[in-house]
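Here are the chains, one letter per residue:
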Amino acid sequence: MSQNEIEESLNLLEKDWDVDPILRKFMLGKITDVSDYPLKVKDVVFHVPYLNSEKKFILWKCYWPDCHNCCDRQGRLPLTSDDLITIGKGLKYQKPSDFIKNETLTVTYQEPGPSGQLTTMTTINLKRKKDETAADDGTHISCRFLDEKGGCSMHPDRPGVCYLYPFSSWLENEKGTARVHATYQFTGDCPGFYLADSLDPMKDEFKDYSKTIYDYNMASNRTNREGFGSVSFS
């Protein structure tokens, strides 16, 4: 996302939530004295930002059900092969191929990788609205499965990627072993970020998300091997 897009999202967020001015400056790239604090929890290495000038970690907690911005301002919903089966059955499709034809889009897009290189992703995405087209990919759309109370009408069978927010993750080869890494997505849409002196307030979240993130990466890797998606680096 561009800084302008993040600023627009923050302006919308501030209509309903208080945003720490220090975090706002950080998200807009106005604080650059930041260290990457790696924290290994089970099979995942979390990269937690540490603001050196403030001597504070950036931590996160979820405000659901008071907030459901992550469902109201979706950019895309890439599916794993597990999702294709589970969600297809939940929507009463007898065959995954029929579910894919009617409820998904195949799109290709680029994302910056952890080392700055561009990663080209081809994924099968769940339509966030019935008439969604490839031209809508990457734009903010309220998910059609978001109910009036802010809950997910397909929970717990929602897409695996939904469980990841606000983290993004990737795999790295470390001496022949696949290591999963994760860091925050700072889109300006989530009010849950806060500053703390230590990592202790978020220890339960790190523990829970470690399993979620690891399982999702394994499912995504298998999805690519099965030909439902692809990843290339340039």
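You'll find the structure just up there.
Now for a description of the structure that goes with this document. What you see as residue numbers is a count from 1 along each chain, following the sequence as written. The predicted origin of the model limits local features to residues at a pLDDT of at least 70 and limits the giving and counting of side-chain atom pairs to 80 or more, whereas totals for whole chains, interfaces and linings rest on all residues. Computation of side-chain values covers all heavy atoms of the structure but excludes hydrogens and water.

**Brief notes about the overall build of the chain**
Scanning the chain from terminus to terminus reveals six helices and nine strands. This radius of gyration counts C-alpha atoms alone. The globule rule is 2.2 Å times how many residues there are, raised to the power 0.38. For 234 residues, the compact-globule formula gives about 17 Å, and the C-alpha radius of gyration of the chain, at 18 Å, lands near that figure. Considering only C-alpha atoms, the chain reaches an extent of 55 × 45 × 35 Å along its principal axes. The classification of residues rests on relative accessible area computed with a 1.4 Å probe and restricted to protein chains. Under 20% of the type maximum is buried, over 50% is exposed, and intermediate values are partly exposed. The buried share of the chain, reckoned over its 234 residues, is 40%. Helix and strand definitions here come from DSSP, where helices need a minimum of 4 consecutive H or I residues and strands a minimum of 2 consecutive E residues; each element is numbered from the N-terminal end.

**A short note on the packing of aromatic side chains**
When two rings of Phe, Tyr or Trp (its six-membered ring) have centres within 6.5 Å they constitute a pair, described as stacked for plane angles under 30 degrees, edge-to-face for angles over 60, and tilted for the intermediate range. Overall, the coordinates contain 14 aromatic pairs when judged by the stated rule. Look at W17 and Y63: their rings are 5.2 Å apart centre to centre, the planes differ by 15 degrees, and that puts the pair in the stacked class. Of this pair, W17 sits in the loop between α1 (3-13) and α2 (21-27) while Y63 sits in the loop between β3 (56-60) and α3 (69-72), and the two are 46 residues apart along the sequence. Given the relative accessible area of 22%, W17 is considered partly exposed. The class for Y63 is partly exposed, based on a relative accessible area of 30%. Seen in terms of ring centroids, F26 and F186 are 5.1 Å apart; in terms of plane orientation they differ by 85 degrees. Their pairing is edge-to-face. Of this pair, F26 sits in helix α2 while F186 sits in the loop between β7 (177-184) and β8 (193-196); the two residues are 160 residues apart in sequence, bridging distant segments of the chain. Aromatic ring contacts, followed pair by pair, group F26, F46, W60, F167, Y184, F186, F193, F206 and Y209 into a single cluster.

**Points about unusual backbone geometry**
Residues W64 and P65 are joined by a peptide bond in cis, for which omega reads 10 degrees. Geometrically, the link from Y165 to P166 is a cis peptide bond, its omega value of 10 degrees lying close to zero. Phi angles above zero are rare outside glycine, and K55 is one such case at about 55 degrees. Phi angles above zero are rare outside glycine, and K92 is one such case at about 70 degrees. Considering the arrangement of structural elements, one finds K92 in the loop between α4 (81-90) and α5 (96-103).

**So, the side chain of N217**
Mapped onto the secondary structure, N217 falls in helix α6 (residues 203-225). Contact between two residues is taken to exist if any of their heavy atoms lie within 4.5 Å; hydrogens are not considered. Not counting residues within four places of it along the chain, the set of residues in contact with N217 comprises S169, W170, L171 and V180.

**Observations regarding the nonpolar core**
We call a set of buried Ala, Val, Leu, Ile, Met, Phe, Trp, Tyr and Cys residues a nonpolar core when their side-chain atoms join them within 4.5 Å. Membership of the largest hydrophobic core comes to 34 residues, with the highest contact counts inside it found for F46, Y184, F193 and I213. Elements supplying a minimum of two residues to this core: α1, α2, β2 (44-51), β3, β7, β8 and α6. Look past the residues within four positions of Y184 in its chain and what remains in contact with it is V48, P49, I58, L59, W60, P166, F167, S168, F193, M202 and F206.

**As for α6**
The end-to-end C-alpha distance of α6, which contains 23 residues, comes to 33 Å, matching closely the 33 Å that a straight helix rising 1.5 Å per residue would cover. To get the bend at a residue, fit one axis to the 7 residues ending there and another to the 7 starting there, then take the angle between the axes. In the structure, α6 departs most strongly from a straight axis at Y209, where the bend amounts to approximately 25 degrees. The set of residues buried in α6 consists of F206, Y209, S210, I213, Y216, N217, A219, S220 and T223. Packing partners of the buried residues in α6 comprise β1 (34-41), β2, β3, α4, β6 (167-174) and β7. Looking one or two residues beyond α6, the residue adopting positive phi is G227, at roughly 90 degrees. In this analysis, the expected span of each helix is defined as 1.5 Å times one less than the number of residues it contains.

**Digging into the environment of P38**
For P38, the position within the fold is in strand β1. A sequence separation of 10 residues divides P38 from V48, and the C-alpha atoms of the two residues are 6.2 Å apart. With sequence-adjacent residues up to four places away left out, P38 is seen in contact with V45, F46 and H47.

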